[in-house]
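Residues per chain are reported as follows:
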Amino acid sequence: AQKITQTQPGMFVQEKEAVTLDCTYDTSDPSYGLFWYKQPSSGEMIFLIYQGSYDQQNATEGRYSLNFQKARKSANLVISASQLGDSAMYFCAMREGVASAGNKLTFGGGTRVLVKP
Amino acid sequence: DAGVIQSPRHEVTEMGQEVTLRCKPISGHDYLFWYRQTMMRGLELLIYFNNNVPIDDSGMPEDRFSAKMPNASFSTLKIQPSEPRDSAVYFCASSPSLIGLGMNTEAFFGQGTRLTVV
């Protein structure tokens, strides 16, 4: 079974608008972390934002924010005021606690975002 | 710190040849991950180590693949013999150990090795 699901293979967004990238996850471990990475066309993996399972507030990092809905097991990434440089693949990832998967870090299939001028 | 260093950046080899990919993690990181990225299968976790010990190798596709971590500063991923379907980008990543419930231990990725098997 998929641990991390990203249902949007690709999407367009107008420059300066906000975009939401969906991510749902599956775990029975009470302790886990959720991560978003950006992969531009150059290929490197860039860490964007983190949300811990015990965090009470949604994570924010500049123009990136995470809409964390624990009961629904979703951790959607919101990019506000999109810029042309935001065009990239975006990956959601989960790191489960020691109790279950021994800190394994697994990734979703990714969402390709293209920002239109 | 120079970050995670992978070599080579590009590798082109003929089917049947042995291929060795190398990774130097960030100093002090306890975890090392090997991933394979393809268009069809996305980012797959192949194997990961904790303190040089392999923890989970369930993602290794076949016996042709093997990985070692002889010390804290070096790991290899070997494919023998290589096949065209092994063509992919292979990433190495490292991360610190977990501290209590503090899970914010992002993985730092190398630049990747683009492997082409012809």
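Scroll up for the structure.
This section reports on the structure supplied with the text. (Residues numbered from 1 in each chain as written. Chains lettered and ligands numbered in written order. Predicted model: local features only at pLDDT ≥ 70, side-chain atom pairs only at ≥ 80, totals over all residues. Heavy atoms only, no water.)

### Notes on the overall build of chain A
For chain A, the count of helices and strands is 0 helices and 12 strands. From first element to last, N terminus to C terminus, chain A shows the α and β order β-β-β-β-β-β-β-β-β-β-β-β. Against the globule reference of 13 Å for 117 residues, chain A gives a C-alpha radius of gyration of 14 Å, in line with a compact fold. On the principal axes, the C-alpha backbone points of chain A span a range of 45 × 30 × 20 Å. Counting across all 117 residues of chain A, residues that qualify as buried make up 52%. Counted over contacts in chain A with a minimum sequence separation of 6, partners at least 24 positions apart contribute 55%. (Helix = DSSP H or I, 4+ residues; strand = E, 2+ residues; numbered from the N terminus. Rg over C-alpha atoms; globule rule 2.2 N^0.38 Å. Buried < 20%, exposed > 50% of the residue type's maximum accessible area, 1.4 Å probe, protein only. Contact = heavy atoms within 4.5 Å.)

### Some remarks on the environment of Q37(B)
Turning to its location among the elements, Q37(B) is positioned in strand β4 (residues 31-38). On the basis of relative accessibility, which here comes to 15%, the residue Q37(B) falls in the buried class. With 50 residues separating them along the chain, Q37(B) and S87(B) place their C-alpha atoms 9.3 Å apart. The contact partners of Q37(B), leaving out residues within four places of it in the chain, are Q39(A), F91(A), G42(B), L43(B), A88(B), V89(B) and F91(B). Here the side chain of Q37(B) touches Q39(A) through a polar contact of 2.8 Å, side chain to side chain. (Polar contact = N/O pair within 3.5 Å; in protein donor to acceptor, adjacent residues only side chain to side chain.)

### Observations concerning the pattern of salt bridges
Working definition: two side chains of opposite charge can pair if their charged atoms are close together. Going through the model one piece at a time under the given rule, you end up with 12 salt bridges over all chains. For the salt bridge of K73(A) with D26(A), the shortest nitrogen-to-oxygen distance reads 4.0 Å. Within this pair, whereas K73(A) is found in the loop between β8 (64-69) and β9 (74-79), its partner D26(A) is found in the loop between β4 (24-25) and β5 (32-39), the two being separated by 47 residues in sequence. The exposure class of D26(A) is partly exposed, given its relative accessible area of 37%. Across the salt bridge formed by R64(B) and E83(B), the nearest N and O atoms sit 3.5 Å from each other. Of the two residues, R64(B) is situated in the loop between β6 (53-56) and β7 (65-71) and E83(B) in the loop between β8 (74-79) and β9 (88-95); the sequence distance between them amounts to 19 residues. For R64(B), a relative accessible area of 11% corresponds to the buried category. Each of E62(B), R64(B), E83(B), R85(B) and D86(B) takes part in one network of salt bridges that share partners. (Salt bridge = Lys/Arg side-chain N within 4 Å of Asp/Glu carboxyl O.)

### What about the side chain of T27(A)?
Residues and elements named next belong to chain A. Relative to the helices and strands, T27 is located in the loop between β4 and β5. Here the side chain of T27 touches D29 through a polar contact of 3.0 Å, landing on its backbone nitrogen. Side-chain polar atoms of T27 contact the side chain of E96, separated by 2.8 Å. Here T27 is in contact with Y32, K73, M94 and E96, once residues within four sequence places are set aside.

### Thoughts on the nonpolar core
If you look at the biggest cluster of nonpolar residues, it comprises 24 residues, and the most contacted ones within it are Y25(A), W36(A), I49(A), L77(A) and Y90(A). Broken down by secondary-structure element, the contributors of at least two residues to this core are β3 (19-21), β5, β6 (46-52), β8, β9, β10 (88-96) and β12 (111-116) of chain A. Ranked by residue count, the leading element in this core is β10(A), at 4 residues. If you look at the next biggest cluster of nonpolar residues, it comprises 21 residues, including V4(B), L21(B), M60(B) and L77(B). (Core = buried A, V, L, I, M, F, W, Y, C linked by side-chain atoms within 4.5 Å.)

### Details of the packing of aromatic side chains
Two aromatic rings, taken as a pair, are described by how far apart their centres are and by the angle between their planes. Under the counting rule described, the total for this entry stands at 15 aromatic pairs over all chains. Considering the side-chain rings of F107(A) and Y35(B), the 5.3 Å spacing of their centres and the 90° angle between planes classify their relative orientation as edge-to-face. Taken together, the residues F107(A) in strand β11 (residues 105-107) and Y35(B) in strand β4 connect one chain to another. According to the relative accessible area criterion, Y35(B) is buried, its value standing at 0%. Ring centres of Y31(B) and F33(B) lie 6.3 Å apart, and the angle between their planes is 15°; on these two criteria the pair is classed as stacked. Accessibility expressed as a relative area gives 8% for Y31(B), which makes it buried. According to the relative accessible area criterion, F33(B) is buried, its value standing at 0%. By the ring-pair criterion, three or more aromatic residues cluster together here, those being F35(A), Y37(A), F47(A), Y50(A), F91(A), F107(A), Y31(B), F33(B), Y35(B), Y48(B), F91(B) and F109(B). A cation over an aromatic ring shows up here: R63(A) above the ring of Y64(A), its NZ or CZ 5.8 Å from the ring centre. (Phe/Tyr/Trp six-rings, centres within 6.5 Å; stacked < 30°, edge-to-face > 60°. Lys NZ or Arg CZ within 6 Å of the ring centre and 35° of its normal.)

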